[in-house]
Amino acid sequence: MSAVANPATVAECLRVGAGFSQGDRNWIAEQFGTLDARLASFHADATELEVSVKDREARGQKVTLECWIAGRQKIVTTSGEEDLHAALNDVRDDLRRRLNDAKTRQEPRHNKHLRDVPQPQVEVDESEDLIPRADAETA
């Protein structure tokens, strides 16, 4: 993993969307603090997180966490947990899993160019070819 000059952090990249106020941002950033280790391998200026909630504190609320990282597909995680704290933890954990899966897919074992290593050549004893062999059908 190459070192990133300006690593992404939740505090730097998080935006609050519909259903949340700027006052909620700090405690949400605390909830998502464990994502910092996973986000650190990406540039802060190329990473965005947005959390929103529909029908907050009502039955059937839906929390959505979206993640944009330059050069990758957008990741969207959702939770229908009735407790807001549990829903935030749910979307956070799902995003962490998806980021881990995306990183795993890019490791060398999944990279054909890094996997194509020339195999050692097996030496053949040419004296064996000089001995006539009897096939089972002709013998």
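Cut-offs applied
- Residues numbered from 1 in each chain as written.
- Predicted model: local features only at pLDDT ≥ 70, side-chain atom pairs only at ≥ 80, totals over all residues.
- Heavy atoms only, no water.
- Helix = DSSP H or I, 4+ residues; strand = E, 2+ residues; numbered from the N terminus.
- Buried < 20%, exposed > 50% of the residue type's maximum accessible area, 1.4 Å probe, protein only.
- Contact = heavy atoms within 4.5 Å.
- Areas by Shrake-Rupley, 256 points an atom, 1.4 Å probe, with all protein chains shown as cover.
- Pairing = 2+ DSSP bridges.
- Axes fitted to C-alpha atoms, helices over the stretch in contact; angles between N-to-C directions.
- Salt bridge = Lys/Arg side-chain N within 4 Å of Asp/Glu carboxyl O.

### Observations regarding the overall build of the chain
Check the secondary structure of the chain and you find five helices and four strands. In sequence order, the secondary structure elements of the chain are arranged as α-β-α-α-β-β-β-α-α. Taking all 139 residues of the chain together, 32% fall into the buried category. Within the chain, counting contacts between residues at least 6 apart in sequence, those at least 24 apart form 52% of the total. Of the roughly 9600 Å² that the chain leaves accessible, carbon and sulfur atoms contribute 48%.

### Quick look at the pairing of strand 3 (residues 62-69)
Burial analysis of strand 3 places six of its eight residues in the buried class, the great majority of the element. One ladder, built from eight bridges, connects strand 2 (residues 47-54) with strand 3; its direction is antiparallel. From the neighbouring strand, Val 51 faces strand 3, where its bridge partner is Leu 65. Summarising the sheet, strand 3 and strand 4 (residues 75-79) pair through five bridges and their orientation is antiparallel.

### Looking at the sheet that holds strand 4
Spatially, 1-2-3-4 is the arrangement adopted by the four strands of the open sheet, whose pairing is mixed. Of all the strands in the sheet, the pair left with one neighbour each is strand 1 (14-16) and strand 4. Put simply, the sheet's adjacent strands are angled 15° from each other on average, direction ignored. Packing against the sheet, helix 2 (residues 22-31) makes contact with strand 1 and strand 2, and its axis sits at approximately 140° to strand 1.

### Comments concerning the pattern of salt bridges
Applying the stated rule across the entire model yields eight salt bridges. With a closest N to O distance of 3.3 Å, Glu 82 and Arg 59 form a salt bridge. With Glu 82 in the loop between strand 4 and helix 4 (84-105) and Arg 59 in the loop between strand 2 and strand 3, this pair connects stretches of sequence that are 23 residues apart. The exposed category is assigned to Arg 59, whose relative accessible area is 72%. A salt bridge links Lys 74 to Glu 66; the shortest N-O distance between them is 2.9 Å. Lys 74 sits in the partly exposed class, given a relative accessible area of 43%. One network of salt bridges, in which partners are shared, links Arg 15, Glu 48 and Glu 50.

Keep in mind these numbers describe shape, not what the thing actually does.
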